[in-house]
Every structure is written in C-alpha cells, then in structure tokens.
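# Topology and contacts: notes
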2 protein chains.
Amino acid sequence: MYEGVVQELIDELGRLPGIGPKSAQRLAFHILEADADDMKRLATAIISVKERVKFCQICGNVSEQDTCSICRDTRRDPSVICVVEESKDVLAIERTRAYRGRYHVLGGAINPIAGVGPDQLRIRELLTRLNDETVTEIILATNPNLEGEATSTYLARMLKSIGVSVTRLASGLPVGGDLEYADEVTLGRAFEGRRSAIG
Amino acid sequence: MYEGVVQELIDELGRLPGIGPKSAQRLAFHILEADADDMKRLATAIISVKERVKFCQICGNVSEQDTCSICRDTRRDPSVICVVEESKDVLAIERTRAYRGRYHVLGGAINPIAGVGPDQLRIRELLTRLNDETVTEIILATNPNLEGEATSTYLARMLKSIGVSVTRLASGLPVGGDLEYADEVTLGRAFEGRRSAIG
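Here's what I pulled together on the structure shown here. Quick caveat, the model's predicted, so the values are computed rather than measured.

## Considering the overall build of chain A
Secondary structure summary: chain A contains eight helices and six strands in total. Ordered by position from the N terminus, the helices and strands of chain A form the series α-α-α-β-β-α-β-α-β-α-β-α-β-α. The C-alpha radius of gyration computed for chain A amounts to 21 Å, which surpasses the reference 16 Å derived for 199 residues by more than 25%, pointing to a less compact arrangement than a globule. Expressed along its principal axes, the backbone C-alpha trace of chain A runs to roughly 65 × 45 × 35 Å. Counting across all 199 residues of chain A, residues that qualify as buried make up 39%. Here the contacts in chain A between residues at least 6 apart in sequence split such that 46% fall between residues at least 24 apart. Working note: accessible area of chain A is about 11700 Å², and carbon and sulfur atoms make up 51% of it. A distance of 5 Å separates the average location of the 25 positive side-chain charges in chain A from that of its 29 negative side-chain charges.

Laid out in structure tokens, this is it:
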C-alpha cells in the first residue's frame, strides 16, 4: 500500500469501469508526475460534468439544458424517432449525417442477467411521446447483439398496436469489409436482406 | 462532438496514458451516470495528490512529507541501498517482505530514443548518499529489459571505483511458471545462474 492520498487515488481510479489495479496504479503515477494545471483541468471537468450535465427531459440524451440541442432544433423532423440504447449511439448516428429526425435514448437494453428489464428503460417516456400523433415512424437502432435485439423485439411487439410504422436498421456486411471475413450470422443476414440490384 | 463540458471531459481523459478516444468516451459516460459523491471523491483525490504528494528528498520515492516513511524508519538497514527505476518498484519489492534496507528511486531508465540519459536520472543524488561510508552494498533492481539492463550496467561501471559491493537481482525462471513456455533469453539466464542443489 502507498502512503495515504496516493493509495486513495489508486482506489478511486480502480473503481472506474475497465481500469484494473495495474492501470489504476499507472494512471495514479502519471497524475503524480503530470503538470498540476492539466490535472486540475481534469478534476474540474469531472466536477463540472456532474454539476452541469443533465439528461434531456424529452429524449433522455445528455444535455446542459433541460432539453438537448437536437430536441430544441426546430429543423429536425418531429415525425420520426430513432430509438437508441445510449447517448453515445446518438453521436454515432449524428456522424453519419444521414438522419434528420429526433431520438429517444432508452438508457440501456433489456438484460435479465444484469437485472435490466423494460421497467428500467425509458420506455414509458417513449410511449408518452407517441400520444399526440406527431410521430409516424419509429426506427429501432439498438445494438445488433443479444440484448439489443431482445429490446427491439420487445419494443416492436409493443408498438405494433399503436399504428406507427416501426423499422429496424439493416443488418449485413459492413462497408469496406471482406466477405470472406464476415461471420456466418452477419453473412446470413446479408442474404436475407438482399435487395434488387437493378435500378 | 458532444455538448461543451462532456466533450471537455472526454478530451481530458483522452490525454491520460493508455486511454484512447473510445475508452475516454466510455469513462466520461460512466462519470456522467455515476454517483455524484463518488465522482467528487475521485476529483478530490486527483487534486490532493497534486497538492500533498512530493518526492522524498533522500531516495526520491513518493511521500507526503519531505522524507518518505522508509527513509524515516530507523529500523531499516542504512547500509544497503536498492536502486529502482520508479516508486512503484519500491512497492513491488516491499510486498516481498524480503528486503529491509533503504531504496533509491532513479526516476526512469537510460533510454537514448526517449532522450533519457544518466543526467535525467537521480544518479548524482545516489552518489551523494555514498559519501559518508554508511552504505556497504548497492543492489541494482532495474527492470530486466533493454533500458533497465543498460542503466544497471552504467551504474555498475560507475560504482566499481567507489568500493561498495554492487549486486544485481537474479534473472531466471519465474516461480510458478512453466519451463516450456520460458523464452530462450530467460532460460539461458537460468542456466548461467544455476546454483548448487545440494545443501
């Protein structure tokens, strides 16, 4: 064990996800030797984020105001909602510049092992947004893994009766990838989802 | 890019060693969602370490006082100095409970590519500690890699004329390891350093 504050810092760093005891120690020593102003900026950034960032009351995305910049943006199409698991997925989709609708951040995916059921996700908030009939399409953009697929299946079944169009992102070969290296599930999905190549 | 403070936090985290852009984003979102008190403790630990931790004036180890707890401990044998690269090596050796002497932390190893020569290490401070003839043995415990070996070789050559006994940690098979998986250099060293097996 190190003397007092160094060990405290190692302990606190070690509680972060993906940081094991060795990394925590390495980071602590980096912090010890780093420029004091840089480290003060890091500490301040951690505190500011906790103090200033909230979650958008409409879509659940991170925001410094009560509603996020996308929900406030009147140029965004209010008739389409893209449902994602996390705020970082919003960013990934925004980077494509292919989508001009709104979002809904669930805050995770259904995962019985981790104790996450539909009630732990922002599904009730999504249903509330569908009340006034502005929304005509919901795009399910959960992760293409077990939990994400389960969540989309659950949502699709629930939304069926509401009468909005519900779509899912296409599965298939990643662009720039090699067919020979695609796993069989992905390749199978690419076959299932094949489209007309003429016009 | 995220809104203001979130992006700032991602940037600051991404400047830490071994934290790439993806990890920085993941950590930032963890911090966003984590308990505010926990995160305050993390930020405080970073600031306290910068404010309160200094380096021992004698050995260069991390310390909250002018001299570290090992140099202050009168029960430690002052006639032996174990020379290590970093403070974390002190901890590793302390864990063995096999050593009761003092330490000297060089602050790195000779590495011409990274611009670290003997002048950048705490070698002058080591020589000063040898002035009063209390020290009779120096154990070179640098890392068993290229830079560490170069540093030990340099120190061994320099200390030869001073008349203290200079030793080096044994190289050989790691305990609990498998002979068949040992690399050839390690196995070669284990042969060179073989010892009598009879009493």
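## Side note on the interface of chain B and chain A
Facing 49 residues of chain B, the contacting portion of chain A comprises 49 residues. Carbon and sulfur atoms supply 70% of the area that chain B and chain A bury against each other, a total of about 4600 Å² over both sides. Contact with chain A buries area across many residues of chain B, yet B:E3, B:V5 and B:K50 alone supply 14% of it, more than any other trio. Across the chain B-chain A interface, the total number found is two salt bridges. Here B:E12 ties to A:R41 by a salt bridge, and the two come within 2.9 Å at their closest N and O atoms. For the pair chain B and chain A, the interface holds twelve residue pairs in polar contact (both at pLDDT 80 or more). For the side of chain B that touches chain A, the elements supplying multiple residues, two or more each, are α1 (4-14), α2 (21-33), α3 (36-52), β2 (62-63) and α5 (87-96) of chain B.

Parameters at a glance
- Residues numbered from 1 in each chain as written.
- Chains lettered and ligands numbered in written order.
- Predicted model: local features only at pLDDT ≥ 70, side-chain atom pairs only at ≥ 80, totals over all residues.
- Heavy atoms only, no water.
- Helix = DSSP H or I, 4+ residues; strand = E, 2+ residues; numbered from the N terminus.
- Rg over C-alpha atoms; globule rule 2.2 N^0.38 Å.
- Buried < 20%, exposed > 50% of the residue type's maximum accessible area, 1.4 Å probe, protein only.
- Contact = heavy atoms within 4.5 Å.
- Areas by Shrake-Rupley, 256 points an atom, 1.4 Å probe, with all protein chains shown as cover.
- Lys, Arg positive; Asp, Glu negative; His and termini not counted.
- Charge placed at Lys NZ, Arg CZ, Asp CG, Glu CD.
- Buried area = accessible area lost by both parts, 1.4 Å probe.
- Salt bridge = Lys/Arg side-chain N within 4 Å of Asp/Glu carboxyl O.
- Polar contact = N/O pair within 3.5 Å; in protein donor to acceptor, adjacent residues only side chain to side chain.

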